[in-house]
Each structure stands twice: as C-alpha cells, then as structure tokens.
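The residues making up each chain are set out below.
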Amino acid sequence: SKLLRVLQNGEVRAVGGSRVSHVNVRLITATHRDLRAMVAAGTFREDLYYRVTVVSLELPPLRERRGDIPLLVRYFLSCQSSRTGHNFSIDDSGVSVLTKYTWPGNIRQLMNFIAQLVSDSSGAKHFSDSDVRRVLDDIESRGVSQDKGTLSIHHEQRVEIINAMRECRGNKSAVSKMLNIPRSTLYRLLNEY
C-alpha cells in the first residue's frame, strides 16, 4: 500500500519522519511470475498491478534467444576483464557449447557461469570448448540434474555471493553494495548458505 501511494501521489515520508517529500520517479519492475493470474487468484493487488504495468515488455527466456548468447558471453568476459585487470577471451567452439546449453536461470545464470569460468581458470586467459565443458561438468556434478541440465537458483546465488565475498575480501558492506542487496539480506543468505 505504501508503494501504491508513492506511485499514485508522488509523495514519500521517511521512516520515522513527519515531513512529506514529493518525488518524480519511474518504476521499472521485473518478474517471472504471471501477475494477471496472481491478480485473478487474489495474491497480487489489482490496483498495484495497473500501476506497474503501464508499459509491459515480455522478454523471452534466454533459451529462446540463443542468438544473444555469444554477445552476452563476450560482454560478461569483458566485465570480468575489467574487474580483474586481465584480458579474458573465448573461442568460437566455447561459445558454441554455451549456445547449446538451456540456461534455465537465464542471463543471471550465464553471468554467474562466466564468473565461475574465470574463477576456476587457474590463470588461463583464453577459454575453449574443453574449458567450458569442464566447468559445466563440475557444476552438474555438484547437484544439477543431468537429464534436465538445470542449476538451482540457490546454487547460482550461492556462487555469486562466494565470488563477491572473495573479490571484496570478506567485507560484507562492500559485498552488499556490489550485489545491490541490503546487508540484512546478505547476512540472512550467508547464514542460509
């Protein structure tokens, strides 16, 4: 109801504050859930639904946009290159293996995979299909269903947190900023994982 009020009136009151501030914001939301069905089932507020669906874009899952995978792989490798100061690259055979994978976790799973590929590289800066298969096999051996080729979202999130903790040398404030999550959420996830 508070979010609805902000969207409807453009007014925000700080927690514990008495002064109302006017804001001019644009809200961008994303979900994998069917909000229309949730509204019909009574599990999502109808008035909020109409406030957040002014412009609606439906993006197909990555497995239906395989042509985007090579570009995303190279982009995520360039991000890892910038982060580490090393120049990482991948050959076409490695990209081909990644293009054939189903990516049930979509782009986040691909991004985490590239981070793990770099993390497990043992100093290698260029990756081939054998490097990609080795990391995929390693992931699958740690709990991925061989027949479906799906990673659990929890496993991906755990890998992302571990990589961030390594990069930030255990500084939880820096990790929460890097992952763009509140520190309380980070502490809960650290306890959970």
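Residues numbered from 1 in each chain as written. Predicted model: local features only at pLDDT ≥ 70, side-chain atom pairs only at ≥ 80, totals over all residues. Heavy atoms only, no water.

For the rest of this paragraph, the subject is the overall build of the protein chain. When helices and strands are counted, the protein chain shows 10 helices and 4 strands. Element order for the protein chain, N to C, with α for helix and β for strand: α-β-β-α-α-α-β-α-α-β-α-α-α-α. What you see for the protein chain is a C-alpha radius of gyration of 20 Å, clearly larger than the 16 Å of a compact globule of 193 residues, by over 25%. Within the protein chain, buried positions represent 33% of all 193 residues. (Helix = DSSP H or I, 4+ residues; strand = E, 2+ residues; numbered from the N terminus. Rg over C-alpha atoms; globule rule 2.2 N^0.38 Å. Buried < 20%, exposed > 50% of the residue type's maximum accessible area, 1.4 Å probe, protein only.)

Turning our attention to a nonpolar patch on the surface. A surface patch of nonpolar side chains, about 200 Å² in accessible area, is lined by V12, V23 and V25. For V12, a relative accessible area of 32% corresponds to the partly exposed category. (Patch = residues over 30% accessible without salt bridge, like charges linked within 9 Å, V, L, I, M, F, W, Y side chains within 5 Å. Areas by Shrake-Rupley, 256 points an atom, 1.4 Å probe, with all protein chains shown as cover. Salt bridge = Lys/Arg side-chain N within 4 Å of Asp/Glu carboxyl O.)

All told, the structure shown has 5 aromatic pairs when counted by the stated rule. Arranged with centres 5.1 Å apart and planes meeting at 75°, the rings of Y49 and Y50 form a pair that is edge-to-face. Note on Y49: relative accessible area 10%, which makes it buried. Of the residues examined, Y50 reaches a relative accessible area of 53% and is grouped as exposed. In textbook terms, an aromatic cluster arises when at least three aromatic residues are bridged by ring pairs, as seen for Y101, W103 and F113. (Phe/Tyr/Trp six-rings, centres within 6.5 Å; stacked < 30°, edge-to-face > 60°.)

This part is about the pattern of salt bridges. Evaluation of the coordinates by the stated rule reveals 7 salt bridges. D68 is paired through a salt bridge with R65; the nearest N and O atoms lie 2.8 Å apart. Residue R65 is classed as buried on the basis of its relative accessible area, which comes to 15%. The salt bridge partner of R133 is D129, with a shortest N-O separation of 3.0 Å.

Another point: the nonpolar core. Core analysis: the largest hydrophobic core is formed by 23 residues, its most contacted members being V73, L98, L110, F113 and I114. Residues I161, A164, L179 and L189 belong to the second largest nonpolar core, which totals 8 residues. (Core = buried A, V, L, I, M, F, W, Y, C linked by side-chain atoms within 4.5 Å.)

This part is about the packing of helix α9 (residues 172-179) against helix α10 (residues 183-192). Two measures define how a pair of helices packs: the angle their axes make with one another and the distance between the axes. Direction vectors running N to C along α9 and α10 enclose 105°, while the axes themselves pass 9 Å from each other. Judged on the interaxial angle alone, α10 and α9 are roughly perpendicular. For the pair α9 and α10, the contacting residues are K172, S173, V175 and S176 in the first and R183, L186, Y187 and L190 in the second. Looking at the contact of α9 with α10 residue by residue, the class counts come to 4 nonpolar, 2 polar and 2 charged. (Axes fitted to C-alpha atoms, helices over the stretch in contact; angles between N-to-C directions. Parallel < 35°, antiparallel > 145°, perpendicular 65-115°, else oblique. Contact = heavy atoms within 4.5 Å. Nonpolar A, V, L, I, M, F, W, Y, C, P; charged D, E, K, R; others polar.)

Looking now at the packing of helix α4 (residues 69-84) against helix α5 (residues 92-100). Packing of α4 against α5 leaves a shortest axis separation of 9 Å and a crossing angle of 115°. Of the two possible hands of crossing, α4 and α5 adopt the one that is right-handed. Residues I69, P70, V73 and R74 of α4 form the contact with α5, whose own contacting residues are D92, V95, L98 and T99. Residues of the contact of α4 with α5, tallied by class, amount to 5 nonpolar, 1 polar and 2 charged. (Left-handed = near helix turned anticlockwise from the far one by under 90°.)

On average, the protein chain scores 85 in pLDDT, and the residues at 70 or more come to 92%. Counted against residues more than four places away or in other chains, residues 144-152, with its pLDDT under 50, gives 18 contacts. (pLDDT = per-residue confidence, 0-100.)

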